[in-house]
Amino acid sequence: VVEHAGHPVVDGERAAAARAVEPIAVGGERRLAHRTAQDFEQRALHREGNRTLTALRYASVIVTAIAAIAALPASFAVIWAALRSPLARRLAAPPRDDRWHERETPLVGGVGIFGGLLAGVLLAVATGAVESSSELWGVLGGCAVLFLAGLVDDLWALPAWVKLGAQGAAAAIALASGLTVELV
């Protein structure tokens, strides 16, 4: 409990806003009032330290957002180029019983997603928003394996055991890079 201009303020946040200066006793609780004032001071010091961390956190969020935003035009450019390439006809799936679409559908979405992922990660590493590490490159290597398996599957319809093997290889690459998995 703190006082400013003769009015007791119970809430520590409102006390700070009112620029209260000293603890007071309310109903014989002087010790409690002093302890509350000390707790409030410690929380204020803790909040001041958090402002620095928060500012750093926001800077990282902004750089990360810029990297993510860079991924969109990179994905668009890769898909645009793939649709206009000589492989465009080969990169389209005609309607079949094992597919849900009713007309010819381009299969270049994965190419664009992988291109955008690479652009975003490379920009984030280049700007220092993300630290380059063996784990990062291991995860990207695993993503590359999955991307290639998906692309080959779109073009030539891989059997299920090959796709499962690609998933195991991607996981092995990520784990071999030093990435750890903790079950909770």
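One can find the structure itself at the top, above this paragraph.
The structure presented is a predicted model; accordingly, all values stated were derived computationally and were not measured.

Draft legend 1. View of the overall build of the chain. Of regular secondary structure, the chain possesses five helices and five strands. Taken from N to C terminus, the helices and strands of the chain fall in the order β-β-α-β-α-β-β-α-α-α. Residue burial in the chain is summarised as follows: out of 184 residues, 21% are buried. Partitioning the intrachain contacts of the chain with sequence separation of at least 6 by distance along the chain shows that 48% fall at a separation of at least 24. For the chain, the computed accessible surface area is about 13,000 Å², with 66% contributed by carbon and sulfur atoms.

Draft legend 2. Region of the structure containing the side chain of Asp 153. On the secondary structure map, Asp 153 appears in helix H4 (residues 134-156). Judged by relative accessible area, Asp 153 falls into the buried class, the value being 18%. A polar contact of 2.8 Å, which involves the side chain of Asp 153, links it to the backbone nitrogen of Leu 158.

Draft legend 3. Structural detail: helix H3 (residues 109-127). Taking 1.5 Å per residue as the helical rise, H3 with its 19 residues ought to reach 27 Å, and the 27 Å between its terminal C-alpha atoms agrees with that figure. Of the positions making up H3, those classed as buried are Val 111, Gly 112, Phe 114, Gly 115, Gly 116, Gly 120, Val 121 and Ala 124. Once H3 finishes, Gly 128 follows within two positions and takes phi at roughly 85°, a positive value.

Draft legend 4. Examining the environment of Thr 180 more closely. Relative to the helices and strands, Thr 180 resides in the segment after helix H5 (160-176). As for Thr 180 and Glu 135, which are separated by 45 residues in sequence, their C-alpha atoms are 8.8 Å apart.

Draft legend 5. Focus on a nonpolar patch on the surface. A grouping of Val 139, Leu 175, Leu 179, Val 181 and Leu 183 is seen on the molecular surface, where their side chains present a nonpolar patch of about 480 Å² in accessible area. In this structure, Val 181 sits in the segment after H5.

Draft legend 6. The packing of aromatic side chains, seen in detail. A full pass over the atoms with the stated rule returns one aromatic pair. Ring centres of Phe 114 and Phe 147 lie 4.6 Å apart, and the angle between their planes is 5°; on these two criteria the pair is classed as stacked. Here the residue Phe 114 occupies a position in helix H3, and Phe 147 occupies one in helix H4, the gap between them amounting to 33 residues.

Draft legend 7. Broad picture of the packing of H3 against H4. At a minimum axis distance of 10 Å, the contact between H3 and H4 shows a crossing angle of 165°. With respect to their mutual orientation, H3 and H4 come out roughly antiparallel. Helix-helix and strand crossings are classified by hand; for H3 and H4 the assignment is left-handed. Residue-level inspection shows Gly 110, Val 111, Phe 114, Leu 117, Leu 118, Val 121, Leu 122 and Val 125 of H3 in contact with H4, the latter providing Leu 136, Trp 137, Leu 140, Cys 143, Ala 144, Phe 147 and Leu 151. For the contact of H3 with H4, the residue count by class is 14 nonpolar, one polar and no charged.

Draft legend 8. Looking closely at the side chain of Ser 75. Topologically, Ser 75 is positioned in helix H2 (residues 30-83). Within polar-contact distance, the side chain of Ser 75 engages the backbone oxygen of Gly 112 at 2.7 Å. Once you skip the residues sitting within four places of it in the chain, Ser 75 turns out to touch Gly 112, Ile 113 and Gly 116.

Draft legend 9. Quick peek at the pattern of salt bridges. Applying the stated criterion to the full structure yields one salt bridge. The partner of Asp 153 in a salt bridge is Lys 163, with the nearest N and O atoms 3.6 Å apart. With Asp 153 in helix H4 and Lys 163 in helix H5, this pair connects stretches of sequence that are 10 residues apart. Assessed through its relative accessible area of 31%, Lys 163 is described here as partly exposed.

Draft legend 10. Focus on the packing of H4 against H5. Closest axis-to-axis distance for the H4/H5 pair is 7 Å, and the angle between their directions is 165°. By the criterion of interaxial angle, the relationship of H4 to H5 is roughly antiparallel. Read as a crossing pair, H4 and H5 show a hand that is right-handed. Of H5, the residues touching H4 (which contributes Gly 138, Val 139, Gly 141, Gly 142, Val 145, Leu 146, Ala 149 and Asp 153) are Lys 163, Ala 166, Gln 167, Ala 169, Ala 170, Ile 173 and Ala 174. Along the lines of polarity and charge, the residues of the contact of H4 with H5 split into nine nonpolar, four polar and two charged.

Rules used throughout
Residues numbered from 1 in each chain as written. Predicted model: local features only at pLDDT ≥ 70, side-chain atom pairs only at ≥ 80, totals over all residues. Heavy atoms only, no water. Helix = DSSP H or I, 4+ residues; strand = E, 2+ residues; numbered from the N terminus. Buried < 20%, exposed > 50% of the residue type's maximum accessible area, 1.4 Å probe, protein only. Contact = heavy atoms within 4.5 Å. Areas by Shrake-Rupley, 256 points an atom, 1.4 Å probe, with all protein chains shown as cover. Polar contact = N/O pair within 3.5 Å; in protein donor to acceptor, adjacent residues only side chain to side chain. Expected span 1.5 Å × (residues − 1). Patch = residues over 30% accessible without salt bridge, like charges linked within 9 Å, V, L, I, M, F, W, Y side chains within 5 Å. Salt bridge = Lys/Arg side-chain N within 4 Å of Asp/Glu carboxyl O. Phe/Tyr/Trp six-rings, centres within 6.5 Å; stacked < 30°, edge-to-face > 60°. Axes fitted to C-alpha atoms, helices over the stretch in contact; angles between N-to-C directions. Parallel < 35°, antiparallel > 145°, perpendicular 65-115°, else oblique. Left-handed = near helix turned anticlockwise from the far one by under 90°. Nonpolar A, V, L, I, M, F, W, Y, C, P; charged D, E, K, R; others polar.

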